[in-house]
Amino acid sequence: MPLNVKANFFEPGKRYFRAFSPGDDFYEALIETHRDLSDEQSAMVNAKLVLLLANHIGDISILREAMKLAREGV
Amino acid sequence: MLSTYQYPKYEYVQPPEQKSGTSQRYPVVVVGAGPVGLAGAIELAQSGVPVVVLDDDDTVSVGSRGVCYAKRALEVLDRIGVGDACCDKGVSWNVGRTFFRDEEVYNFNLLPQPDHKRPGMINLQQYYLEEFEIKRAQELPNLDLRFKNKVVSVATHDRGATLQVETPDGIYTLETDWLIVADGARSGIRKMMNLEIEGKIFMDRFLIADVVMKADFPAERWFWFDPPFHPGQSVLLHRQADNVWRIDFQLGWQADPEEEKKPERVMPRIKAMLGDDREFELEWVSVYTFQCRRMQSFRHGRTLFVGDVAHQVSPFGARGANSGIQDTDNLCWKLKLVMEGKAPESLLDSYSEERVFAADENIMNSTRSTDFITPKSKTSLTFRNAVLTLARDHAFARALVNSGRLSVPSFLTESRLNTPDTASFKGDMVPGAPLDDAPIKAAGRDAWLLDRVGNRFMALLYVSDPAALDAATARALKALGDAPIPIEAVLVSPAAGSAPEGLPVFEDYTGRFAERYDAQPGTVYLVRPDQHVAGRWRAFETARVKAALARATCNAQ
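Residues numbered from 1 in each chain as written. Chains lettered and ligands numbered in written order. Predicted model: local features only at pLDDT ≥ 70, side-chain atom pairs only at ≥ 80, totals over all residues. Heavy atoms only, no water.

## Comments concerning the domain arrangement of chain B
All names here are of chain B.
(1) Moving on: When the domains of chain B are assigned, the result is domain 1 (16-89 + 121-195 + 292-365) and domain 2 (439-552).
(2) Moving on: Put simply, the middle of domain 1 and the middle of domain 2, counted by C-alpha atoms, are 31 Å apart.
(3) Moving on: At the boundary of domain 1 with domain 2, total buried surface from both sides reaches about 1100 Å², with 49% on carbon and sulfur atoms.
(4) Moving on: The interface formed by domain 1 and domain 2 contains one salt bridge.
(5) Moving on: Run the count over domain 1 and domain 2 and you get eight residue pairs in polar contact (both at pLDDT 80 or more).
(6) Moving on: Within the residue set of the side of domain 1 that touches domain 2, elements represented by two or more residues are α3 (71-79), α9 (321-339) and α10 (346-373). (Domains from an automatic or database assignment. Buried area = accessible area lost by both parts, 1.4 Å probe. Salt bridge = Lys/Arg side-chain N within 4 Å of Asp/Glu carboxyl O. Polar contact = N/O pair within 3.5 Å; in protein donor to acceptor, adjacent residues only side chain to side chain. Helix = DSSP H or I, 4+ residues; strand = E, 2+ residues; numbered from the N terminus.)

## Here we look at the interface of chain A and chain B
(1) Moving on: The interface is formed by 22 residues belonging to chain A together with 25 residues belonging to chain B.
(2) Moving on: Of the roughly 2100 Å² buried where chain A meets chain B, counting both sides, 60% is carbon and sulfur surface.
(3) Moving on: Contact with chain B buries area across many residues of chain A, yet A:Phe17, A:Phe20 and A:Tyr27 alone supply 29% of it, more than any other trio.
(4) Moving on: B:Arg368 is paired through a salt bridge with A:Glu28; the nearest N and O atoms lie 3.1 Å apart.
(5) Moving on: In this assembly, chain A and chain B are joined by 10 residue pairs in polar contact (both at pLDDT 80 or more).
(6) Moving on: Sorting elements by how many residues they give to the side of chain A that touches chain B places helix α1 (residues 21-33) of chain A first, with nine residues.
(7) Moving on: Class assignment for the residues of the side of chain A that touches chain B results in 10 nonpolar, five polar and seven charged. (Contact = heavy atoms within 4.5 Å. Nonpolar A, V, L, I, M, F, W, Y, C, P; charged D, E, K, R; others polar.)

## Thoughts on the sheet that holds strand β3 (residues 68-70) of chain B
All names here are of chain B.
(1) Moving on: Strand order in the open sheet formed by three strands is β3-β7-β4, with antiparallel pairing between adjacent strands. The open sheet is flanked by β3 and β4 (91-93), the only strands paired with a single partner. Between one strand axis and the next, the sheet turns by 30 degrees as a mean value, whatever way the strands run.
(2) Moving on: Summarising the sheet, β3 and strand β7 (residues 121-123) pair through three bridges and their orientation is antiparallel. (Pairing = 2+ DSSP bridges. Axes fitted to C-alpha atoms, helices over the stretch in contact; angles between N-to-C directions.)

## Re the state of the cysteines
Every disulfide links exactly two cysteines, by a covalent bond between their sulfur atoms.
Residue and element names in this part refer to chain B.
(1) Moving on: Summed over all chains, the structure comprises zero disulfides over all chains.
(2) Moving on: No disulfide involves Cys554; its sulfur sits 17 Å from the nearest other cysteine sulfur, which is in Cys332.
(3) Moving on: Relative accessible area serves as the criterion here: at 16%, Cys554 is assigned to the buried category. (Disulfide = S-S within 2.5 Å. Buried < 20%, exposed > 50% of the residue type's maximum accessible area, 1.4 Å probe, protein only.)

## Looking at the environment of B:Thr542
Residues and elements named next belong to chain B.
(1) Moving on: Relative to the assigned elements, Thr542 resides in helix α16 (residues 542-552).
(2) Moving on: On the basis of relative accessible area, Thr542 is assigned to the partly exposed category, the value being 29%.
(3) Moving on: Sequence spacing of Thr542 and Ala479 is 63 residues, and the spatial spacing of their C-alpha atoms is 9.1 Å.
(4) Moving on: Look past the residues within four positions of Thr542 in its chain and what remains in contact with it is Ala476 and Leu480.

## Brief notes about the packing of α10(B) against helix α11 (residues 378-391) of chain B
Residues and elements named next belong to chain B.
(1) Moving on: Running from N to C, α10 and α11 point in directions that differ by 90 degrees, and their axes come no closer than 9 Å. The orientation of α10 relative to α11 falls into the category roughly perpendicular. Of the residues in α11, those in contact with Asp371, Phe372 and Ile373 of α10 are Ser380, Arg384, Val387 and Leu388.
(2) Moving on: Taken together, the residues of the contact of α10 with α11 sort by class into four nonpolar, one polar and two charged. (Parallel < 35°, antiparallel > 145°, perpendicular 65-115°, else oblique.)

## Considerations on the packing of aromatic side chains
Residue and element names in this part refer to chain B.
(1) Moving on: Tallied over the full model, the rule gives 32 aromatic pairs over all chains.
(2) Moving on: Geometrically, the ring pair formed by Phe425 and Tyr525 is edge-to-face, given 6.1 Å between the ring centres and 65 degrees between the ring planes. Residue Phe425 is found in the loop between α12 (395-400) and β22 (439-442), and its partner Tyr525 is found in strand β27 (residues 524-527); the two are separated by 100 residues along the sequence. An identical accessibility class is assigned to Phe425 and Tyr525; each is buried. (Phe/Tyr/Trp six-rings, centres within 6.5 Å; stacked < 30°, edge-to-face > 60°.)

## Topic: unusual backbone geometry
(1) Moving on: Even without a glycine there, the phi angle at A:Asp36 is positive, about 65 degrees.
(2) Moving on: Summarising the element assignment, A:Asp36 is placed in the loop between α1 and α2 (39-57).
(3) Moving on: Even without a glycine there, the phi angle at B:Asp226 is positive, about 50 degrees.
(4) Moving on: Here B:Asp226 is to be found in the loop between β14 (221-225) and β15 (234-239).

## Quick word on α10(B)
(1) Moving on: Across its 28 residues, α10(B) extends 40 Å between first and last C-alpha, which sits within 8% of the 40 Å expected from 1.5 Å per residue.
(2) Moving on: Of all 28 residues in α10(B), 20 are buried; the element is thus mostly enclosed. (Expected span 1.5 Å × (residues − 1).)

## Looking at the side chain of B:Asp55
Residues and elements named next belong to chain B.
(1) Moving on: Tracing the backbone shows Asp55 in the loop between β2 (51-54) and β3.
(2) Moving on: A polar contact of 3.0 Å, which involves the side chain of Asp55, links it to the backbone nitrogen of Asp57.
(3) Moving on: With near-sequence residues (within four places) excluded, Asp55 lies in contact with Gly32, Ala33, Arg146, Phe147, Lys148 and Asn149.

The following block contains the structure:
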C-alpha cells in the first residue's frame with residue numbers, strides 16, 4: 001500500500017457535514033498540543049510525535065516514502 | 001463622500017408620542033436598523049406582526065463594512081423580498097484561490113453541486129443591502145421605521161420593556177411587549193442592561209482599502225499568504241459592485257492605525273500589489289482589529305439579542321452579518337407563535353440555544369482560520385508553511401489550507417425541537433438540517449424549492465404519482481392545515497399531475513429532490529418556517545407529524 005496523500009482525517013462516531021471539518025479538527029488539536037511551549041520544547045514534542053506515529057504506521061516502506069517527501073524542497 | 005455611492009438621507013418624522021404627548025405600547029420594538037435588525041423587522045411585519053424600528057442615524061452603513069453575503073443569507077433575503085435586488089447589484093462568485101508566496105496552492109468552489117438558485121456568495125457593499133432593506137421596510141404599512149430615534153435608557157420587566165428615546169424634538173417614552181436588540185457590536189442596550197459578552201481579542205491589525213479601478217480579474221476570492229508584494233503577511237482581494245475592489249492587508253499588531261490609514265502609506269502598498277501602472281482611486285480606508293466573543297444567552301426575558309450585539313467573529317469566513325440574518329430568521333416565527341399564544345415562552349429559549357450553537361460553530365471556524373492566517377508561535381508558523389508547501393502536490397494538505405471557512409448554515413443537530421429519525425436515510429437532510437435547494441416545477445412553471453417553502457410549517461410527501469394518492473391520505477394531509485398551527489401539505493413527485501383535495505404538487509423533474517433528500521415513495525419531511533428539517537419518516541402518519549409539530553413548537557407534554 002503506497003503512502004496515502006489524500007485527505008484522510010476522521011474521528012470514529014463523529015458525523016461531518018462540511019468537508020473541511022475533520023482536517024480542521026486535527027489541525028486545531030495539533031496547534032493546541034504546542035500551546036505555551038518554548039521553541040525547544042515544541043521541537044521535542046514534534047520529535048516524539050513523529051516517533052509515536054511512525055511506530056503506529058509500522059510499515060517502513062511507507063515511512064521511507066513519507067520521509068523522502070518531507071525532505072523534498074527543504 | 002464616496003465616488004461610486006451617494007448615501008441616502010432618510011426623513012426624520014416626529015414620533016406620534018411626541019406629537020400627542022402620550023406614551024404608547026407596541027407589540028415589538030427593534031433597536032437598530034442595520035442589515036440584521038431590518039431583516040427581522042421585515043420578516044415580522046410581513047407575517048402580520050406590527051413592528052417599530054428605532055435607529056439613531058438617518059442613513060445607511062457609512063463606509064464599506066460587510067461585503068460577502070452567503071447563499072443561506074440570500075435565501076432568507078429572498079423571503080423578505082430583497083434577494084433579487086442584492087443579487088442583481090452584487091457580484092456572484094463561487095471560486096476562491098489561495099496563493100503562497102508567488103504560487104497558487106489551493107482553490108475551492110463553494111457550490112460544487114449544480115441546481116441551486118443562489119450562488120455560494122455575492123459581494124456587495126453593506127450600504128446597498130441596507131438601502132434595499134429600507135426600501136422594502138418602507139413598503140410595509142405595519143412597519144414603523146423611525147430614524148434619528150436614539151434609545152437612551154431601557155428598563156426591562158416581565159411585561160416587556162420601557163424605553164426612553166431621544167429625537168431632535170426631545171425625549172419620549174415608549175412601551176413594548178417584546179424588545180429585539182440589533183444595535184451592533186458596540187451595543188448601547190447591552191451596556192445599559194449590564195450584560196457581559198465574553199471572548200478574546202486577536203492581537204493583529206488589518207487595513208481595509210476599497211479601491212475603484214477597472215480590472216479584468218475574475219470574480220473570485222484571492223488570498224495570499226506571504227506574497228512578494230507584502231512579505232510575511234496575508235492579503236485578500238475581493239470584487240464588489242461598481243468596480244470597487246476590497247483589499248485587505250494584514251499589518252501585524254505593532255502597526256500604527258493612524259499612520260497606516262494615510263494615503264501616502266496605502267497607495268504604495270496597492271501599487272506593489274497590482275504591479276503595474278493601472279489607475280485606481282481610493283474609495284475608503286480603515287484599520288481594524290477584531291474579537292471572537294458571544295453573550296451567554298441571547299434571550300433575557302422578553303428581550304432578544306440578534307446579530308453582532310450577541311456574537312462577534314473574525315471576518316475570515318464572512319460569518320458576521322450572514323449569521324445575524326439567520327438569527328432573526330430563527331427568531332421571528334417563534335416570537336410570532338409565542339405572541340399569538342400558540343407556543344409557550346420556552347420556545348424562545350430554543351432561539352437562544354440554536355443560535356448559540358451556531359455562534360459557537362462560527363467562532364470556532366473563524367478562530368481556526370485566524371490561527372492559520374496569523375500563527376501565534378514559531379512552531380505554529382512552521383506547521384502553517386509546511387501545509388502550504390505540501391499543498392502544491394498533495395490533496396490532504398490542500399484540505400488543511402485555511403484562509404477562511406466561508407459562511408454556511410449550521411446543522412442544528414442538537415436542537416430539542418428535532419424529532420429524531422426512526423428510519424434510516426442517506427445524505428445530509430437530518431433533523432435540524434437547513435434545507436438543500438432543488439429545481440422544481442410548481443403548477444407547471446419553473447421554480448425553486450426554497451422559494452416555495454418557509455414562513456410556515458410544511459409537510460412534503462414524496463409520491464411516485466400525485467394523481468394516484470389515495471383519498472384518505474389526501475384528506476389527512478389537507479386536514480393538517482386546519483389547526484391552530486397549520487401545516488401546509490405538498491406532494492413532491494417525479495411525475496407531473498394533479499393531486500386529490502387540490503394539494504399542491506412540486507414536480508421534481510430533475511430528480512434532485514429525491515437525490516438530496518433520499519426520498520422514496522412515502523417519505524415525508526416536516527419543515528420549519530425557517531427551512532430547517534423538524535422531522536422525517538418513511539411513511540406518512542398524521543399522529544407522528546402532529547407530535548413532531550408539537551415538539552418543534554415546545555408544545556409537547
